[in-house]
Amino acid sequence: DSHGVDVILAAATSATREARNGGDFLRRIERDTGIRARVISGQEEARLIYLAASYGVNIGRGRAVVIDIGGGSVEVVLGTANAPHLSRSFKLGSIRLTERLVASDPITSREERKIVKRIRAEVDRHCAQIAAAGFDVAIGTSGTILSLGALAATGRGPLPSDLHHLQVTAKQIRR
């Protein structure tokens with residue numbers, strides 16, 4: 001109301017797509033809020049994430065890779081300021097992998113290797129296509145990405161109170 005919004009478009013993603021009670025959940029949302037959410041495909045989720053990220057960051061005439069690590073899925077998209085070109089949604093979200101492959105806290109080296117093996121088996125081919133096409137900037141979205149960015153930025157002074165638009169180098173991420 002405070003922003004004068006006339007229409008709300010709600011999209012349900014990975015968790016609702018795959019939940020046995022996804023339909024019940026959507027009906028409850030509509031009953032309680034009056035908002036009718038629609039379930040979108042992983043491909044549509046990737047497209048919308050890319051459009052939102054490229055709107056928020058000036059890509060100019062370059063090419064960008066957008067990475068979103070959600071709880072149920074991960075989207076990796078290459079595109080330009082105008083549109084996404086190579087996009088995929090993978091069932092590799094942080095919660096999904098943790099629930100399926102991690103039994104200890106903290107995670108063991110063996111569990112970490114299993115997670116890395118699963119991720120590489122699914123994303124390597126897509127990421128190789130993106131690397132071959134080339135890109136100028138990588139943009140990350142999601143709470144997981146914000147946490148990784150904060151970790152990467154440690155050691156270079158105090159972190160800003162708002163991590164959105166935090167820039168870190170590939171070297172800092174690898175470290």
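Residues numbered from 1 in each chain as written. Predicted model: local features only at pLDDT ≥ 70, side-chain atom pairs only at ≥ 80, totals over all residues. Heavy atoms only, no water.

Is there a simple way to think about the overall build of the chain in this case?
Within the chain one finds 7 helices and 6 strands. Listing each helix as α and each strand as β along the chain from the N terminus yields β-α-α-β-α-β-β-β-α-α-β-α-α. Seen along its three principal axes, the alpha-carbon backbone of the chain occupies a region of about 50 × 45 × 35 Å. Residues classed as buried in the chain amount to 30% of the 175 residues present. For the chain, long-range pairs separated by at least 24 residues make up 50% of all intrachain contacts whose partners lie at least 6 apart in sequence. Entry remark: accessible area of the chain is about 12,000 Å², with carbon and sulfur atoms responsible for 53%. (Helix = DSSP H or I, 4+ residues; strand = E, 2+ residues; numbered from the N terminus. Buried < 20%, exposed > 50% of the residue type's maximum accessible area, 1.4 Å probe, protein only. Contact = heavy atoms within 4.5 Å. Areas by Shrake-Rupley, 256 points an atom, 1.4 Å probe, with all protein chains shown as cover.)

What's the story with helix 2 (residues 22–33) in this structure? I'm lost.
Structural remark: α-helix, 3.6 residues per turn; residues separated by three or four positions point the same way. Taking 1.5 Å of rise per residue, 12 residues should cover 16 Å, and helix 2 covers 16 Å from first to last C-alpha, within 8% of that figure. Looking one or two places after helix 2, you find G34, whose phi comes out positive at around 80°. (Expected span 1.5 Å × (residues − 1).)

I'm lost on the sheet that holds strand 4 (residues 74–80) in this one. Help?
In a beta sheet, neighbouring strands pair by backbone hydrogen bonds and run either parallel or antiparallel. Read across the sheet, 4 strands follow the order 5-4-3-6 without closing on themselves; strand pairing throughout is mixed. Pairing within the sheet leaves two strands with one partner each, and these edge strands are strand 5 (84–90) and strand 6 (137–141). Geometrically, the sheet is characterised by an average inter-axis angle of 15° between neighbouring strands, direction not taken into account. Pairing of strand 4 with strand 5, which is carried by 6 bridges, proceeds in the antiparallel orientation. Within strand 5, the residue paired with E75 across the bridge is S89. (Pairing = 2+ DSSP bridges. Axes fitted to C-alpha atoms, helices over the stretch in contact; angles between N-to-C directions.)

Would you mind showing me how to read the nonpolar core here?
Proteins that are soluble and globular tend to have nonpolar side chains buried together. Judged by nonpolar contacts, the single largest core of 14 residues is most densely connected at V76 and L92. Those elements that place two or more of their residues in this core are strand 3 (63–69), strand 4, helix 4 (94–101) and helix 5 (109–133). Listed in part, the 9 residues of the second largest apolar core include I59, A64, V66 and V77. (Core = buried A, V, L, I, M, F, W, Y, C linked by side-chain atoms within 4.5 Å.)

So what exactly am I meant to see when it comes to unusual backbone geometry here?
Comment: phi is negative for the bulk of residues other than glycine, and the bulk of peptide bonds are trans. The step from D105 to P106 runs through a cis peptide bond, and the omega angle for that step is 10°. By the secondary structure assignment, P106 is in the loop between helix 4 and helix 5. We note that S142 has phi near 115°; this positive angle belongs to a residue other than glycine. Positionally, S142 belongs in the loop between strand 6 and helix 6 (143–153). Notably, H165 is not glycine yet its phi reads approximately 70°, a positive angle. In this structure, H165 sits in the loop between helix 6 and helix 7 (170–174). When its relative accessible area of 59% is taken as the criterion, H165 is described as exposed.

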